Amino acid sequence: MVSGRLLRWVCTAAVAGALLAPGPAGAAPEPGPDGENRSVAELLTELQGLYRQAEEATEAYNTTAEELKGRRKEADALDGKLAKARGALYRSRLAAGRLARQQYQGRSEISPYVQLLLARDPQHAVDQGHVIRRAQREQEATVDRLVRGEKQADELATRAQGALDEQLQLADRQKKDRDTVQARLKEVEELLASLSAEQLAQLTRLEDAGTADAQRAFMASGALSSAGRAPSKAGDAALAYAVRQIGKPYVWGAEGPASFDCSGLTSQAWARAGRVIPRTSQEQWARLPRVPLSELRPGDLVVYFPKATHVAMYLGDGMVVQAPRPGARVKVSPIAANPLLGAVRPDPGAVAMSGYRAPVLPPDALSGQDTGYAAGSAP
């Protein structure tokens, strides 16, 4: 487990940074790009709002991308079925054409009753009648196959066209979602570009103080159990994968291996552990079994904000591994760095492993801003 000493150090350092800041960070108004005077606290509120909007737009983009993948698979499967149906229909039409030519050329079999009346050997005529009836059944089957094949091909063609239309609509929606994300990130970039180094430093101190306050209150609330829990075997593998990604940049829509967004990290971590989970944080919250915060174990997913637009992986001792926001990197953060919604467990039936040892964190695991911005960096 991550040590309680480490957790106390994180909270203490953040609070100390806020206390050592030159003057109340939220008190001194600063000129905004539009000429208005805005306090650092107001700038922080605006910036956090823009990040939330960007993350909501990112998750909408991810959702559309997943739907588009599903439609493409469906369209490809229907195309394959349609090709087979058309091949079978072609063969049925060839057989029906041969039958029609035979009848036109007068080579079709005459009535078995006429053959029986004209035959010198009645028994031979009866035997021949069996052959003729079998031939008639085969002819009827040829016609039936042709009719069924035409109907199936028509139905598959209609379904394939419908799937293609939906795919095109989703592709258009994905483009709009992408444009929305880019517009939101542009707003963040423009706001950051308008700030001085001192303002950015004050934003960092104010955010750190807010995170430390939230973490201290959360840990004091008793929401987390004081007893450390071991993960399942799969949870351990997922967490180990997430820890190995520490330091890689956040990029919206990314699923690795070079970069991740929040749900890209958690979904890929669990996929590497052998369990496929939904791609987006909202679907992870909606479809995975809920687990009380008091029963969290490493590898569980912690979901944030009322719309479930951010997700992290529980590390232990009140800490998570996450891909925070644009401009940040995968890192270890306090669990209360964002407003908690709840937690889910991808493998609720799996037993906790014995002899668990927490993954070794890289030296810079806690480096960087949990909020995703710092002096000199922008999305």
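In this numbering scheme, every chain counts its residues from 1 along its sequence in written order. Whole-chain, interface and lining totals are the exception, using all residues; otherwise, since this is a predicted model, local features are given only for residues with pLDDT of at least 70 and side-chain atom pairs are given and counted only at 80 or more. As a rule here, side-chain values come from all non-hydrogen atoms in the structure, and water together with hydrogens is ignored.

Okay, the sheet that holds strand E7 (residues 340-344) next. An order of E6-E5-E4-E3-E7 is seen for the five strands of this open sheet, with the pairing classed as antiparallel. This sheet does not close on itself; its edge strands, each paired only once, are strand E6 (331-334) and E7. Taking the axes of each pair of neighbouring strands and ignoring which way they run, one obtains an average angle of 40 degrees across the sheet. The criterion for strand pairing is that DSSP finds at least two bridges linking the strands in question. Runs of H or I in DSSP of at least four residues are treated as helices and runs of E of at least two as strands, each being numbered from the N terminus. Inspection of the sheet shows strand E3 (residues 301-304) paired to strand E4 (residues 310-316) by four bridges, in the antiparallel sense. Residue pairing across strands places valine 302 opposite alanine 312, the latter belonging to E4. Throughout, a residue-residue contact means that at least one pair of heavy atoms, one from each residue, lies within 4.5 Å. Every angle, taken between N-to-C directions, lies between 0 and 180 degrees, and every axis is a line fitted to C-alpha atoms, over only the stretch in contact when it is a helix. Taken strand by strand, helix H6 (residues 233-244) contacts E4 and strand E5 (319-322), and its axis lies near 110 degrees from that of E4.

To continue, consider the pattern of salt bridges. Think of it this way: side chains of opposite charge can pair up when their charged atoms draw near. For salt bridges, the criterion is a side-chain nitrogen of Lys or Arg within 4 Å of an Asp or Glu carboxyl oxygen. Counted by the stated rule, this structure contains seven salt bridges. Its salt-bridge partner being arginine 279, residue glutamate 255 comes within 3.4 Å of it at the nearest N-O pair. Of this pair, glutamate 255 sits in the loop between H6 and helix H7 (262-272) while arginine 279 sits in the loop between H7 and helix H8 (281-287), placing them 24 residues apart in sequence. Throughout this description, buried means an accessible area under 20% of the type-specific maximum (1.4 Å probe, protein chains only), exposed means over 50%, and partly exposed covers the range between. Exposure remark for glutamate 255: the relative accessible area of 27% places this residue in the partly exposed category. In this structure, the salt-bridge partner of aspartate 261 is arginine 279, at a minimum N-O distance of 3.1 Å. Of the two residues, aspartate 261 is situated in the loop between H6 and H7 and arginine 279 in the loop between H7 and H8; the sequence distance between them amounts to 18 residues. Each member of the pair, aspartate 261 together with arginine 279, is buried.

Turning to the confidence of the model for the protein chain, a few remarks are in order. Scored from 0 to 100, pLDDT reflects the predictor's confidence in each residue. In this model, the protein chain carries an average pLDDT of 75, and 66% of its residues clear a pLDDT of 70 or more. By mean pLDDT, the top-scoring element of the protein chain is H6 (97), and the lowest-scoring one is helix H1 (residues 4-19) (34). With pLDDT under 50 throughout, residues 1-36 is counted as low confidence; its partners more than four residues away or in other chains account for 59 contacts. Note on residues 113-118: pLDDT is under 50 here. Beyond four places in sequence and across chains, it has eight contacts.

Moving on to helix H5 (residues 197-220). Take the number of residues in a helix, subtract one, and multiply by 1.5 Å to get its expected span. Between its first and last C-alpha, H5 extends 34 Å over 24 residues, near the 34 Å set by a 1.5 Å rise per residue. Residues of H5 that are buried: Gln199, Leu200, Gln202, Leu203, Thr204, Arg205, Glu207, Ala209, Thr211, Ala212, Gln215 and Phe218. Of the residues trailing H5, glycine 222 is marked for its positive phi of about 80 degrees.

Counting 37 residues, the largest nonpolar core has Leu301, Met313 and Val321 as the members making the most contacts within it. Mapped onto this core, the elements with two or more residues apiece are helix H2 (40-104), helix H4 (122-193), H6, H7, E3, E4 and E5. In terms of residues, this core owes the most to one element, H6, which gives five residues. Here, nonpolar core refers to any group of buried Ala, Val, Leu, Ile, Met, Phe, Trp, Tyr and Cys residues whose side-chain atoms link them within 4.5 Å. By size, the runner-up hydrophobic cluster in this structure holds 13 residues, among which are Leu224, Val291, Leu296 and Tyr304.

What follows concerns the packing of H6 against H7. One way to put it is that H6 packs onto H7 with a least axis distance of 8 Å and a crossing angle of 130 degrees. Taken together, H6 and H7 sit at an angle that is classed as oblique. Considering only the axes of H6 and H7, their crossing is right-handed. From H6, Ala234, Gly235, Ala238, Tyr241 and Ala242 reach across to H7, where they touch Leu265, Gln268, Ala269, Trp270 and Arg272. An angle counts as roughly parallel when it lies under 35 degrees, as roughly antiparallel when it exceeds 145, as roughly perpendicular when it falls between 65 and 115, and as oblique in every other case. Definitions for this section: a left-handed crossing has its near helix turned counterclockwise from the far helix by less than a right angle. A right-handed crossing has that turn clockwise.

Within the secondary structure, alanine 57 sits in helix H2. Separated by 128 residues in sequence, alanine 57 and leucine 185 have C-alpha atoms that sit 9.9 Å apart. The residues contacting alanine 57, other than those within four sequence positions of it, are Thr180 and Val181.

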